[in-house]
Each structure stands twice: as structure tokens, then as C-alpha cells.
Amino acid sequence: MKKWFYVVFLLVILFTISACAPLLNNPPNKPSNPYPANGASNVPLNVTLKWEASDPDGDTLKFDLYFGEDTNPPLKESNLTSKSYGPLELEDGKTYYWKVVAKDPDGKTATSPVWSFSTGALEPIPGSFIVIEYYTGHPVEGANVVVKSGDDILAQGVTDENGQITFNVRGFPEKIDVELEKQGHALSKIEDLKTEYLADNVKEVQLRTAELSTDPDSQSFPEVTLSFFDLQGKELDITNITENFVLRIDVETDNHPSVIYAKIGSVPGASSLGERYSASDTRTATFTMDISTFYGEVPLYVVFYDYNDNRVEKIEYITINREVEEVEKNLFVPVSPVDLGYVGIVAYTRNQGVEFYNNDKLLKIVSDKFDFNGANNLPQDFEPLKNFGIGIEAAPKGTNLWIEISWLDYDTISELIGIGPNVVRPDGYNVYRSFDGVNYRKIATVGSGYYLDPSAQNEVEKEVWYAVSSYRGDEESELVKLGSVVPLDSFNVNLKSPADRETNVSRQPTFVWEPTKELTSPESVVEFYYTMWIYDLVQSENYIFPGILEEDTVYMYDFITEGATDVSVTFKGIEGSPEYEDLTWFLYLPEGIYFYEYAKLEPGKTYDWGVDYAYAVSYDSDSVAYSIAIDYGWDIDPLGGVMPEMHNEFTTGN
């Protein structure tokens, strides 16, 4: 009886204490579901603002309303007791921004995102993304693109066959994040992109094929944190940078870190795209950033990849106010190469969509294919003209297209002819691009007279113009137009005769090939260049190739056509070939190069044959455009070579 009494008494005491003590207080839920909807247009001038809000503890909430034409709106009304405000008296054709702060009786708050809407039927402001798999590479179709502000989704959609998607950015907040994903690909994210940089513009972003996990749902975005310090180690105000500074990058990632890049002014990537800071296999990197060629507000880009190729591109907008000495001199104006009689714009289209033929012995020979050691029966200084030492790697799928632009900068002119006393050296150069020859947009800032444009906006058979200016501080020179170029389409080569696996072939066969596509250009007739080799590798380790011997140098024989026509050459060995008077056949052996001393190939023997290089060219007074189909070790392709798709095997008759 006493035990039950004590238990009941204890329960009564606990209940009384808990009833008197305050419950654990939670902050309000974030206000949501705005009306007008975020980004809405054609909103009435007398609209009443509405929103939803709740409190997990059931507290009665009050609201502070911030409203105005600034993206960071001022306080409009405090301590509202209802979830609405209005009607308002607004002006036609304006964009308004607003947010709501919910407050509970204990002073805990929750703030909504900044919402926006427009009155009247305002024209949309387009902002586009082009999603590519790698720089200069092919677009990614079907990628899901989500534009966010904090946790709120502003817009989303899927890229088309050109890897492109366009949003109406009118009403977007000052900065946005962009998240991209597609099955089979790694994750990709842009953080803190200013909307003004996207308006009426195109932003390119990589979405790479996944290296470890092809399911994006199994991955999470790496977290990238930036810290800024002056050279003495003190925290830096990035709105007023006057000298070089220290950037520290810290990354949290589930996967092993691959590489961290940093660059002022443009998105960093491969070193061929320009100088950048980089650190591999680390979660923390510290760089001393050089500001000597920048002035005013410029974007600082940090790009991080993990070993799955998940990618984060984080942007911070810094303001550089370095001291620029005032001088009474004229700012140097860049010089177009056309003024000196040569071109400054070169476009490359590179065919990479190839798989190497299945011949292990050929693959083994590739790396030392041209290991020239001198020929026993030729002079000591006898050497081939072409580059015979390049190693070739299997090319990835897709096609490359890029354009290289050059001009004569201050240092070049100074070295060539000297600079006058009244001309001042610029800090750097601004590169501009146009797709109509009239309206130019700045695309890069560089420190010397060269820029490689990897943009996915460049297309085959689409003319593009370039111009350049110099600058010093906030002074900029006149725009110097460099000309235009029309990139060529890609093509491949069809080996017609002897056909693959053909037998009983003549010992003096006629080799015939053709391009797979007719290439045209408004700038000139397109010229095609080829050379071919016979591979005697099944029973030997020999090569037979056409060339020209001039003095002590062997030149590869160029088979040149205007337009996409067949090419044929008959093998006559020591006799040459009837179609080409100056052609000579050479035998390449491991110990050297010799003349082929027989009129015919060996009987009953299996050979391979193929085109060793194939490229097309168009040109005019200010540009050259190349389309490279095959470069099997000849250093025509700037990236190192394009493997042939196949070699035809044939067997001679007895």
C-alpha cells in the first residue's frame, strides 16, 4: 500500500513540474509559397502580397515585410499579424523584390528568400547555359539543370541536343547557384554566379562522365570554402584589394580530391587554356594571387574536381583598386597580324570519334614507329622532315573545336621595331568576340598577345569575328578588329581499294581512298591533304611509304585535292608511280630508311595499308581553318594526334 502511494505521489510531482516548466522552443518555419509567385510578370499594380508561415510549437507569429526595387529590399512594415499585406500602389513596368521575416514570442526568427515579381508585360531576359563534357568537346544532351537561390528552386529544365537550355532570368536574385546532373555523369555545380553576368549571355559549364559511380543520386556535391588574406596574413576586404593577396581553399568531399584550380578573370582548366594556379590530391590549397593585370570588379573562379569528376565551380567577385601611376603618354594599341601580311586567327576541328583497329602488333609498334637511327645507304645527315618521334594515345569520343587568336602585343612590337617614347605599356589585353561582325562582347582578359577560345558557342560553318584592345587601369584603347573565321566541319576517310581482307591482290596495287564528306567554306575552296603507308608487319617489321627526296631530306608525299574527290596511286616500287612523276617509294626498317628497290610487292604476302594523315584547309587574308581527320604521328594536330579508324588488310597473289 505504501509503495503505490509513493509512486502516485512521484507522478503527481513530475506532472506538476513539467506543466509549470516551459516547453523546448523551436524557431518558426521559413515563410514560403509567395503570391505573386517568384519571378511572376504582368502583376497588377494593386496587388496584395501573401505568404504562408507556421510555427512547430504552435506559437502566434508576427512578420516583418521588406519590400522595394533593390535586390536587397528595405524594411516596409514591422510586426504584421496577418500573412498578407496590401493592396499596394505600384508603378507599371517595374521589378520589385520582397522577403518576409517570421518572429515568435521568444524572439526566434526565420527569413524567407528574396522573391521578386514584375508589373506589366515585361520582356523576358534570356540567360543560357551550354553543358559540355570537356573543353572544346561535344555537348551533353538531356542534362537536368536546376537554378537555385539557397534551397529555393528558381527554374529548372533539360538541355537540348546542342547541350543548351535558356531561362528567363528577369526577377532572379543578385546571385544564383546552378546544379547539373545526368545518369552516367558526375555532378556539377556553379556557386554564386551573378545574374547580371548571365543576362543576355551564355554560360558554359562542364558535366563530365563519371569515373567511379555512374549514379548521381549516390554522390553529393563537394563543399568549397574560400578565405582571403593579405600578404601579412590578415583577413582581407575583397571589395578593396590593392596588392597581391593570399587565397586559401578548403574542400570537404566524400571522394578523394583530384585537383583544385584558381584563376582571376576566366574559368581555369587545362594549361593550354592559359595560366592558372593548381594543386592536386589535396583538400586544402593556398595560392598567392597576382593582380597586376586586373582592375575594378573581376570574377575569381575556383574549380574543384574529385576522383569521380564531380565538379564545383565557385565564383567570388573581387574589386581590385591597385595604384596605377598617371603618365602623360599614349596607351599602346595592339597591332593586327593582317597589317604585317599574315593571319592571326586559326580554327581547328579535330575528329576524335575513332576506335583503333584490332591489331596488337601494330599497336605495339606505334610508340616507336618513327624511331629513326639513320640509313646505312644514305648520307649521315639524311633525316625526314616531319616529326618522327611522337607518341599517340587513343582519342576519346566526340569532336574538338577551338580557335586560336593572336596579335602583336607591346613586347613583340618592342622587340621587332621598338616602342616610341610617348607610348605606355598596357596592363593587359581584352579579347572580344562577335557572331555578326557588329556587336562584340568581351570574353577574356590576358597578359600577352595570344588567346585560345574553347567556347562551345563556336560551331562548324558558323562565322565568328574577333577583336582586341589593350587596357591600363580603367583606361582602354580602341578596338582592333582581327578578322573572322569559319570553322570547317569534321570528316573521315574511306579506304576503297584494296578492300579489307581482299586476297589475290595485284603486286602492283592501286590504292584508292576518299573523304567521307564534302567540306565547303565561304572563305576559299577547301583543300584536302593526305599521305598513305603500307604496313609490312604480319611477317616483318617494315614500312613502305611514298615520299620525295630533295638533297638529303625525305619529304612525305602530299596528295592534294581541291574538294572531296577520290585519290588513287599505283604502286610501282622502284619505278615510282605513273600518276605522280616526282613520287618515290621508300622502305622504312628498324635500322634506317632505304629506297624500295623492287618494282612489285612480294607475292603471297599479307600487308596492311592506310592513310597516315588527312586534313582539310580553307583560308583567306586573315584566317586559316583546319579540319584534322587523321594524324598518325605527324604533329599536324596540336593535341598530339588522331588515330586512324582502320587499316585495310590485303594479300597479294602468287
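Residues numbered from 1 in each chain as written. Predicted model: local features only at pLDDT ≥ 70, side-chain atom pairs only at ≥ 80, totals over all residues. Heavy atoms only, no water.

K.L.:
In this structure, what is going on with the overall build of the protein chain? I would like to understand it.
P.N.:
When its secondary structure is counted, the protein chain shows four helices and 47 strands. Counting only carbon and sulfur atoms, one obtains 47% of the accessible surface of the protein chain, whose full area is about 31200 Å². (Helix = DSSP H or I, 4+ residues; strand = E, 2+ residues; numbered from the N terminus. Areas by Shrake-Rupley, 256 points an atom, 1.4 Å probe, with all protein chains shown as cover.)

K.L.:
Please explain a nonpolar patch on the surface as it appears in this structure.
P.N.:
A contiguous nonpolar patch, built from Leu340, Tyr342, Leu416 and Ile417 and spanning about 460 Å² of accessible area, is present on the exposed surface. Position of Leu340 relative to the elements: it lies in the loop between β24 (330–331) and β25 (345–351). (Patch = residues over 30% accessible without salt bridge, like charges linked within 9 Å, V, L, I, M, F, W, Y side chains within 5 Å. Salt bridge = Lys/Arg side-chain N within 4 Å of Asp/Glu carboxyl O.)

K.L.:
So what exactly am I meant to see when it comes to the packing of aromatic side chains here?
P.N.:
To describe a pair of aromatic rings, you give the distance between the ring centres and the angle between the ring planes. Summed over all chains, the structure comprises 43 aromatic pairs. Over the ring of Tyr66 we find Lys99, and its NZ or CZ is 5.1 Å from the ring centre. The cationic tip of Lys189 hangs over the ring face of Phe221; the distance from NZ or CZ to the ring centre is 5.4 Å. (Phe/Tyr/Trp six-rings, centres within 6.5 Å; stacked < 30°, edge-to-face > 60°. Lys NZ or Arg CZ within 6 Å of the ring centre and 35° of its normal.)

K.L.:
Help me understand the environment of Pro74 in this model?
P.N.:
Following the sequence through the fold, Pro74 ends up in the loop between β4 (62–68) and β5 (75–80). Sequence separation between Pro74 and Lys99 is 25 residues, and the spatial gap between their C-alpha atoms is 9.5 Å. Sequence-distant contacts of Pro74, that is, excluding residues within four places in its chain, are made with Leu65, Tyr66, Phe67 and Gly68. (Contact = heavy atoms within 4.5 Å.)

K.L.:
Explain the sheet that holds strand β16 (residues 201–206) to me, please; I cannot follow it from the model alone.
P.N.:
Strand-to-strand pairing in sheets goes through backbone hydrogen bonds, with the strands running parallel or antiparallel. The strand order across the open sheet formed by three strands is β13-β10-β16, and the pairing between neighbours is mixed. Pairing within the sheet leaves two strands with one partner each, and these edge strands are β13 (164–168) and β16. Averaged over all pairs of adjacent strands, the angle between strand axes in this sheet comes to 25 degrees, irrespective of strand direction. Here strand β10 (residues 126–132) pairs with β16 via six bridges, running parallel. Bridge assignment links Ser128 to a residue of β16, and that residue is Val202. (Pairing = 2+ DSSP bridges. Axes fitted to C-alpha atoms, helices over the stretch in contact; angles between N-to-C directions.)

K.L.:
Would you mind showing me how to read a negative patch on the surface here?
P.N.:
A contiguous patch of negative charge on the surface is contributed by Glu550, Glu551, Glu581 and Asp582. When you line up the elements, Glu581 lands in the loop between β42 (567–570) and β43 (584–589). (Lys, Arg positive; Asp, Glu negative; His and termini not counted. Charge placed at Lys NZ, Arg CZ, Asp CG, Glu CD.)

K.L.:
Could you clarify how one ought to interpret the pairing of strand β29 (residues 428–434) in this entry?
P.N.:
Side-chain direction in a regular strand flips from residue to residue, so the side chains alternate between the two faces of the sheet. Counting buried residues in β29 gives seven out of seven residues, a clear majority hidden from the surface. Burial along β29 is two-sided: Gly428, Asn430, Tyr432 and Ser434 and Tyr429, Val431 and Arg433, pointing in opposite directions, are all buried. Here β29 runs beside strand β32 (residues 464–472); their pairing, made up of seven bridges, is antiparallel. Of the residues in β32, the one forming a bridge with Val431 is Val468. Hairpin remark: β29 followed by strand β30 (residues 441–446), antiparallel, with six residues in the connecting loop; positive phi at Gly437, about 80 degrees. (Buried < 20%, exposed > 50% of the residue type's maximum accessible area, 1.4 Å probe, protein only.)

K.L.:
Sorry if this is basic, but what is going on with the pattern of salt bridges here?
P.N.:
Between side chains of opposite charge, pairing is possible as soon as their charged atoms come close. In the structure shown here, the tally under the stated rule is 25 salt bridges. Salt-bridge contacts for Lys189 lead to Glu179; the nearest nitrogen and oxygen are separated by 4.0 Å. Placement of the pair is Lys189 in strand β15 (residues 188–194) and Glu179 in strand β14 (residues 175–181), with a sequence separation of ten residues. Across the pair, exposure class does not vary: Lys189 and Glu179 are buried alike. Where Asp566 meets Lys496, a salt bridge forms, and the shortest distance between an N and an O atom there is 3.0 Å.

K.L.:
Could you clarify how one ought to interpret the side chain of Asn308 in this entry?
P.N.:
Inspection of the secondary structure puts Asn308 in the loop between β22 (296–306) and β23 (311–320). A polar contact of 2.8 Å, which involves the side chain of Asn308, links it to the backbone nitrogen of Ser213. Here Asn310 takes part through its side chain, which lies 3.3 Å from a polar atom of the side chain of Asn308. Apart from residues no more than four positions distant in its own chain, Asn308 is found in contact with Ala186, Thr209, Ala210, Glu211, Leu212, Ser213, Gln219 and Asn255. (Polar contact = N/O pair within 3.5 Å; in protein donor to acceptor, adjacent residues only side chain to side chain.)

K.L.:
Help me understand the confidence of the model for the protein chain in this model?
P.N.:
Do not read the fine detail of predicted coordinates wherever pLDDT is low. Per-residue pLDDT for the protein chain has a mean of 86; in total, 88% of the residues score no lower than 70. With pLDDT under 50 throughout, residues 1–22 is counted as low confidence; its partners more than four residues away or in other chains account for zero contacts. Counting contacts from residues 353–397, a segment whose pLDDT is below 50, to residues more than four positions away or on other chains yields 112 contacts. (pLDDT = per-residue confidence, 0-100.)

K.L.:
Would you mind showing me how to read the sheet that holds strand β17 (residues 223–229) here?
P.N.:
Reading across from one edge, β17-β18-β21 is the order of the three strands in this open sheet, with antiparallel pairing throughout. Pairing within the sheet leaves two strands with one partner each, and these edge strands are β17 and β21 (284–289). When strand polarity is set aside, the average angle formed by the axes of neighbouring strands in this sheet is 20 degrees. The pairing of strand β18 (residues 245–252) with β21 spans six bridges and is classified as antiparallel. By the bridge assignment, Arg248 is partnered in β21 with Thr286.

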